[in-house]
Amino acid sequence: MTYAVILAARMSSDRLPGKVLAELAPGVTVLGQLVRRWQASARAPTVIVTTTTDADDDPIATAASADHVPVSRGSATNVVAQMDAAVRAHAPGAGYVARALGDNPLVDVPLADWRLDVLAETGADGLWHGGDDARITYAGTTDVWSRSAWDRIASYSSGSQLEHPGGHRIPRNERGCAQVNQPAPYSRWASRSAWRSREAAVSPRSAACHTRGSLGSRPCSRSRRSISHASSGSFRSASAAMT
């Protein structure tokens, strides 16, 4: 599968200006660590750094280029357009797009790989966490979309959504777009059986397939009908034709 990881970075920050090039260890910057971690993914993504056209962000472009990482630049107020330009310029054939954050050196790359696998296995366009997004730690916040879902996000995002890619939510009953019901991680392992019971009430097959993997391990291998898509108030088969 073709997979593009767009790493959005900028020097400006109210709390820690220049944090993306801060050193974690001698010679190891946050940006460099992020690039290395994403490049180590078993899914072999094309990693692209995107930043603004502001002169203050020239050091980011210089650092990425020095590491032989493709760079794309765009408006500081339209990160969606930045990301879309990066995909079109450096990974035009990508079937999946992920948004990586430039201030997240502890990113859970295997969890993002797992989300990619779920989309690829089911043919879905995105993941739905059942309204439990707040339970996901910052390290696990990577969004992964199918290319068709990303193209829709790029086309229809507006207002504040332009600065926060993924803010445009594809309606769960949108014709031609399907989302997998992906339970968010629960913090207490002791209550795992209770978690399964809760998820079974929402989507029986989902709870059966997604075991401890919610914190990063791979989902069990099942047929495409084993994982359900979320639609308006119900779930439809992942193998349903998408027209």
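Residues numbered from 1 in each chain as written. Predicted model: local features only at pLDDT ≥ 70, side-chain atom pairs only at ≥ 80, totals over all residues. Heavy atoms only, no water.

A. Structural context of the overall build of the chain. Within the chain, the regular secondary structure consists of seven helices and 11 strands. Counting every position in the chain, which comprises 243 residues, the buried fraction comes to 46%. The long-range share in the chain, meaning contacts at least 24 apart out of those at least 6 apart in sequence, stands at 66%. When the accessible surface of the chain is summed, it comes to about 11600 Å², and 50% of that surface belongs to carbon and sulfur atoms. (Helix = DSSP H or I, 4+ residues; strand = E, 2+ residues; numbered from the N terminus. Buried < 20%, exposed > 50% of the residue type's maximum accessible area, 1.4 Å probe, protein only. Contact = heavy atoms within 4.5 Å. Areas by Shrake-Rupley, 256 points an atom, 1.4 Å probe, with all protein chains shown as cover.)

B. Representation of the packing of helix α3 (residues 79–90) against helix α5 (residues 147–156). One can describe the packing of α3 onto α5 by two numbers: an axis separation of 10 Å at closest approach and a directional angle of 140°. The angle between α3 and α5 falls in the class oblique. Regarding α3 and α5, the two cross each other, and that crossing is left-handed. Contacts between α3 and α5 involve V80, M83, D84, V87 and R88 from the first element and R147, W150, D151, I153 and A154 from the second. A per-class count over the contact of α3 with α5 returns six nonpolar, no polar and four charged. (Axes fitted to C-alpha atoms, helices over the stretch in contact; angles between N-to-C directions. Parallel < 35°, antiparallel > 145°, perpendicular 65-115°, else oblique. Left-handed = near helix turned anticlockwise from the far one by under 90°. Nonpolar A, V, L, I, M, F, W, Y, C, P; charged D, E, K, R; others polar.)

C. Focus on the environment of P70. Mapping P70 onto the fold places it in the loop between α2 (58–66) and β5 (71–74). The exposure class assigned to P70 is partly exposed, which follows from its relative accessible area of 26%.

D. View of the sheet that holds strand β8 (residues 143–146). Read across the open sheet, the five strands follow the order β5-β4-β1-β6-β8; overall the sheet is mixed. The open sheet is flanked by β5 and β8, the only strands paired with a single partner. When strand polarity is set aside, the average angle formed by the axes of neighbouring strands in this sheet is 25°. Across four bridges, the pairing between strand β6 (residues 96–101) and β8 is antiparallel. Among the inter-strand pairings, R99 is bridged to a residue of β8, identified as D143. The strands that α3 touches are β1 (3–8), β4 (46–52), β5, β6 and β8; relative to β4, the one it contacts most, it runs at about 140°. Packed on one face of the sheet, α5 meets β6 and β8 and runs near 105° to β8. (Pairing = 2+ DSSP bridges.)

E. Main features of the packing of aromatic side chains. Under the definition given, this model contains one aromatic pair. Measuring from centroid to centroid gives 5.4 Å for W145 and W150, while their planes differ by 35°, and the two rings are tilted. The two residues W145 and W150 agree in class, both being buried. Directly above the ring of Y156 sits R152, whose terminal nitrogen or CZ lies 4.5 Å from the centroid. (Phe/Tyr/Trp six-rings, centres within 6.5 Å; stacked < 30°, edge-to-face > 60°. Lys NZ or Arg CZ within 6 Å of the ring centre and 35° of its normal.)

F. Main features of the environment of L106. Following the sequence through the fold, L106 ends up in the loop between β6 and α4 (109–122). The spatial distance from the C-alpha of L106 to the C-alpha of A139 is 5.5 Å, given a sequence separation of 33 residues. Ignoring any residue separated from it by four or fewer positions in sequence, one finds L106 in contact with R37 and A139.

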